[in-house]
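Here is what each chain is made of, one letter per residue.
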Amino acid sequence: MSDNHLDFIDDVIRFLENEREIYGDFTVAGFSPGDKNDTSVSDSQEKIKTESPSADTKNYNPENLLKQCSTLEELRSLCETADVLRTDLDGTNLVFGVGNQNADLMLIGEAPGEQEDRQGEPFVGAAGQLLNKILEAVKFRREDVYIANILKHRPPGNRNPNPEERQRSLPYLLRQIELIQPKLILCLGKISGITLLNRDTTLRSLRGKYYPFHGAELTVTYHPAALLRHPKWKRPVWEDVQKLREKYDELGGKP
């Protein structure tokens, strides 16, 4: 055992002896003062760490950190440093979300693309321009709603988010939803819908229905990027957003 380790043990022993003088006899995980040469000291120290985690250690629990975020700004700051949100593509920017923080309608896509990564904002490419037109067609302005994605970092090759990435990102998105408190959530694309609803099914089976979700009503439609590849799906989307507008007005959404 090195001199540094012995010095550390001396410090621990002195601390425990002082505590004993103040508070009386006690034991800590099988280690008692005077065991300076006990080879089980390292094991005892590990027991102390395991059995009595410090408050600082508890604060690093992601769930606790998320609960401590009382504003979107605090949540965004947390997301900036959350490595669990990153994909295996290096050097990506955080794409947190954009729009009205008090929106009654929240739109949730799947993952940022190249343009979104560059600008740090969801839905700014060709699919985003189409989304703006879809919203305007049913009398919504982009600045009136809130837009986010399941993932907050771009995956390589703009591929679909894999299950592990989705599960790591989901708690952060759920906290985002809790802070915004929308009346309605529109999932854009199958990945968004099955992730939030925790269902393994087809987009077709999800469409046209409303599901209770964290105090809101949730529905699912095609992703705007899919419409660019398959124009035949524009009519089903038009039907979906018309119903969305009706539901929004029915729930007393902000005009």
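Residues numbered from 1 in each chain as written. Predicted model: local features only at pLDDT ≥ 70, side-chain atom pairs only at ≥ 80, totals over all residues. Heavy atoms only, no water.

### Overview of the packing of aromatic side chains
Rules: Here is the rule: rings of Phe, Tyr and Trp (six-membered ring for Trp) pair when centre to centre is within 6.5 Å. Planes less than 30 degrees apart are stacked, more than 60 are edge-to-face, and the remainder are tilted. Only runs of H or I of at least four residues qualify as helices and only runs of E of at least two qualify as strands under DSSP, and these elements are numbered from the N terminus. Only protein chains enter the calculation, and the probe is 1.4 Å; a residue is then buried if its accessible area is under 20% of its type maximum, exposed if over 50%, and partly exposed in between.
Per the counting criterion, the structure on display carries two aromatic pairs. For the pair Phe 140 and Tyr 248, a centre-to-centre distance of 4.9 Å together with 90 degrees between the ring planes defines the contact as edge-to-face. Separated by 108 residues along the polypeptide, Phe 140 in the loop between helix H7 (126-137) and strand S3 (146-149) and Tyr 248 in helix H12 (residues 234-250) bring together distant segments of the chain. When sorted by exposure, Phe 140 lands in the same class as Tyr 248, which is buried. An angle of 10 degrees between the planes, with centres 4.6 Å apart, marks the rings of Tyr 222 and Trp 233 as stacked. With a gap of 11 residues between them, Tyr 222 in the loop between strand S6 (216-221) and helix H11 (224-229) and Trp 233 in the loop between H11 and H12 connect regions that are remote in the sequence.

### What about H12?
In plain terms, the rule: By definition here, a helix of n residues has an expected span of 1.5 Å times n minus one. We call two residues contacting when some pair of their heavy atoms lies within 4.5 Å.
The terminal C-alpha atoms of H12 lie 24 Å apart, and with 17 residues this matches the ideal 24 Å at 1.5 Å per residue to within 8%. When H12 is considered as a whole, its buried residues turn out to be Pro 236, Val 237, Asp 240, Val 241, Leu 244, Arg 245, Lys 247 and Tyr 248. Those residues of H12 that are buried are in contact with strand S2 (105-109), H7, strand S4 (184-188), S6 and H11.

### With respect to the pairing of S3
Definition in use: Whether two strands pair depends on DSSP finding at least two bridges between them.
Judged by which residues are buried, S3 turns out to be covered on both faces: Tyr 146 and Ala 148 on one side and Ile 147 and Asn 149 on the other are all buried. By the bridge criterion, two bridges tie strand S1 (residues 98-99) to S3 in an arrangement that is antiparallel. Looking at S3, one finds that Val 98 is bridged to Ile 147. Of the strand pairs in this sheet, S2 and S3 are connected by four bridges, and their pairing is parallel. Bridging from a neighbouring strand, Met 106 pairs with Tyr 146 of S3.

### Comments concerning the side chain of His 223
With respect to the secondary-structure elements, His 223 resides in the loop between S6 and H11. When residues no more than four places from it in sequence are discounted, the contact partners of His 223 are Glu 110, Phe 123, Ala 127, Leu 188 and Gly 189.

### Let's talk about the packing of helix H5 (residues 72-80) against helix H8 (residues 163-180)
Describing two packed helices takes the angle between their axes plus the distance from one axis to the other. Spelled out, the test is: For helices, the fitted axis covers only the stretch in contact; all axes are lines through C-alpha atoms, and the angles between them, taken along N-to-C directions, range from 0 to 180 degrees. Should an angle lie under 35 degrees it is considered roughly parallel, over 145 roughly antiparallel, and from 65 to 115 roughly perpendicular; all remaining angles are considered oblique. Put simply, Ala, Val, Leu, Ile, Met, Phe, Trp, Tyr, Cys and Pro go in the nonpolar bin, Asp, Glu, Lys and Arg in the charged bin, and everything else, Gly too, in the polar bin.
Where H5 meets H8, the axes come as close as 10 Å, and the angle between the chain directions of the two elements is 170 degrees. Between H5 and H8, the angle falls in the class roughly antiparallel. Of the residues in H8, those in contact with Leu 72, Leu 75, Leu 78 and Cys 79 of H5 are Tyr 172, Arg 175, Gln 176, Leu 179 and Ile 180. For the contact of H5 with H8, a count of residues per class yields seven nonpolar, one polar and one charged.

### Looking at empty space enclosed by the protein
Put simply, the rule reads: Residues are called lining when one of their atoms sits within 4 Å of a cavity or pocket point, these points coming from a 1 Å grid over the protein atoms alone, where a cavity is a set in which a 1.4 Å probe fits but cannot get out and a pocket is an open set with protein on both sides within 12 Å along at least five of seven lines. Grid points are joined across faces, edges and corners, and a volume is the space filled by probe spheres set on the points.
In the structure shown here, the tally under the stated rule is one cavity of 30 Å³ or more. For the largest cavity, the calculated volume is near 70 Å³. Along the walls of the largest cavity sit 15 residues, with Leu 131, Ile 134, Leu 186, Leu 188 and Val 241 positioned nearest its centre. Taken together, the elements giving at least two residues each to the lining of the largest cavity come down to H7, S4, H11 and H12.

### Topic: the layout of surface pockets
The calculated volume of the largest pocket comes to roughly 690 Å³. If you go around the largest pocket, you meet 32 residues; those closest to its centre are Glu 110, His 223, Ala 225, Ala 226 and Arg 229. Elements with a minimum of two residues in the lining of the largest pocket: helix H6 (114-119), H7, helix H9 (190-197), helix H10 (203-206) and H11. Sorting elements by how many residues they give to the lining of the largest pocket places H11 first, with four residues. Grouping the constituent residues of the lining of the largest pocket by class yields 15 nonpolar, 10 polar and seven charged.

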